[in-house]
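# Survey of secondary and tertiary structure
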Amino acid sequence: MLTPHEQGILLGAIRDIPDFPKPGIVFKDITTLLSNPEALKVLMDHLEKRYASYGLDYIAGIDARGFIFGAILADRLGVGFVPVRKKGKLPYTTVSQKYSLEYGFDEVEIHIDAFGDGGIAAHGNPANVLLIDDLIATGGTAKAAATLINQVGAKCVESCFILELGFLGARESFPTPVYSVLTLD
Ligand code: AMP
């Protein structure tokens, strides 16, 4: 559990940018958390402690801000890191999932062998994967990413976000357990 003091450090390190990328959206800017060594350490210590006993094999981070937190955590836990990328960026054979945006569609993909052959880890069972991103809003992006992980034979054991926009209710219909470090109601 974060102490109220630690929670204050994290909330204070995330900057609100009104009307970005379009009018009416308040963009939660985590670049100010990344450039604040005290806040970044509080966050990564907290995540390391939470996930140390999960028996994870991989951490999958969502393009692009999920790469930053995911790669740091993977290194701390001594497990592999897998990027879930926007369409067209990965060089080898991929599987992909479309998801709807407010207007139109977007698509994420992973390498077919991202978690080993058939998603089976060295222990002989489906690889245990933690999905991570900076923020969950409607949940469309993360849901597509979790689907991909399971589609290639691995197991998405939890989805983790630094910040959850709780008033959008994404966790209610989410296919995996959801953990958010901070929630805005
Ligand atoms: P969603 O698919 O609606 O859950 O949107 C999540 C993705 O969009 C994440 O990769 C976020 O980084 C980004 N995102 C959505 N809304 C915001 C916001 N208000 N501030 C910052 N990033 C956002």
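Shown above is the structure to which this text applies.
An account of the accompanying structure is given in this report.

Cut-offs and rules
Here the residue numbers are simple positions, counted from 1 along each chain's written sequence. With the structure being a predicted model, the display of local features is reserved for residues of pLDDT at least 70 and the display and counting of side-chain atom pairs for 80 or more, all residues being used for whole-chain, interface and lining totals. Excluded from the side-chain calculations are hydrogens and water; all other atoms, namely the structure's heavy atoms, are used. Runs of H or I in DSSP of at least four residues are treated as helices and runs of E of at least two as strands, each being numbered from the N terminus. In this description, contact between two residues means that some pair of their heavy atoms is separated by no more than 4.5 Å. Whether two strands pair comes down to DSSP finding at least two bridges between them. Helix axes are fitted to C-alpha atoms over the stretch in contact, other axes to C-alpha atoms as well, and angles between N-to-C directions run from 0 to 180 degrees. In these notes, residues near a molecule or strand are those with any non-hydrogen atom within 4 Å of it. In protein, a polar contact requires one atom able to donate a hydrogen and another able to accept it; more generally it is a pair of N or O atoms within 3.5 Å, and residues adjacent in sequence count only if both atoms are side-chain atoms. For the area figures, the Shrake-Rupley method with a 1.4 Å probe applies, and any residue is considered shielded solely by the protein chains shown. Polar here means any residue outside two lists: the nonpolar Ala, Val, Leu, Ile, Met, Phe, Trp, Tyr, Cys and Pro, and the charged Asp, Glu, Lys and Arg; Gly therefore counts as polar. By convention in these notes, a salt bridge is any Lys or Arg side-chain nitrogen within 4 Å of a carboxyl oxygen on Asp or Glu. Between buried and exposed lies partly exposed: a residue is buried under 20% and exposed over 50% of the maximum accessible area for its type, with that area taken using a 1.4 Å probe on protein chains only.

## Some remarks on the environment of L40
Within the secondary structure layout, L40 lies in helix α3 (residues 37–51). When the C-alpha atoms of L40 and V129 are compared, they prove to be 22 Å apart, with 89 residues separating the residues in sequence. Beyond its immediate chain neighbours, meaning those up to four positions away, L40 contacts L33, L34, F69 and I72.

## Description of the sheet that holds strand β4 (residues 80–86)
One open sheet holds the 7 strands; their spatial order is β5-β6-β4-β3-β7-β8-β9, and the pairing between them is mixed. A strand with exactly one partner marks an edge of an open sheet, and here the two such strands are β5 (94–100) and β9 (178–184). For this sheet the average axis-to-axis angle between neighbouring strands, irrespective of direction, equals 20°. Alignment of strand β8 (residues 155–165) against β9, held across 6 bridges, turns out to be parallel. Within the sheet, the bridge partner assigned to L163 lies in β9 and is L182.

## So, the site of the ligand
Taken together, 13 residues form the shell around the ligand, and within it R65, D134, T138, G139 and T141 come nearest. Taking V26, its main chain carries an N or O atom lying 3.0 Å from a nitrogen atom of the ligand. The separation between an oxygen atom of the ligand and a polar side-chain atom of D133 is 2.8 Å. Notes on the ligand: free accessible area 490 Å², of which the protein chains cover 81%. Elements that contribute at least two residues to the shell around the ligand include exactly β2 (26–29), β7 (128–136) and α5 (140–151). Counting residues per element, the shell around the ligand draws most heavily on β7, at 4 residues. Each residue belonging to the shell around the ligand can be placed in one class, and the counts come to 5 nonpolar, 4 polar and 4 charged.

## Some details on the pairing of β4
Note that strand β3 (residues 58–62) and β4 share 5 bridges and pair parallel. Among the inter-strand pairings, Y58 is bridged to a residue of β4, identified as G80. Here 2 bridges tie β4 to strand β6 (residues 105–111), and the two strands are oriented antiparallel to one another. Residue pairing across strands places K86 opposite V108, the latter belonging to β6.

## Some remarks on the pattern of salt bridges
Counting across every chain of the model gives 11 salt bridges. For the salt bridge of E158 with R50, the shortest nitrogen-to-oxygen distance reads 2.9 Å. Of this pair, E158 sits in strand β8 while R50 sits in helix α3, and the two are 108 residues apart along the sequence. Overall, the relative accessible area of 6% leaves E158 in the buried class. A salt bridge links R85 to D63; its shortest N-O distance comes to 3.4 Å. A residue pair is termed long-range when its members are at least 10 positions apart, and R85 in strand β4 and D63 in the loop between β3 and α4 (65–77) qualify at 22 residues. Taking relative accessible area as the criterion, R85 reaches 23% and is therefore assigned partly exposed. Salt bridges here are not isolated pairs; linked through shared partners, they connect K41, D45, E48 and R76.

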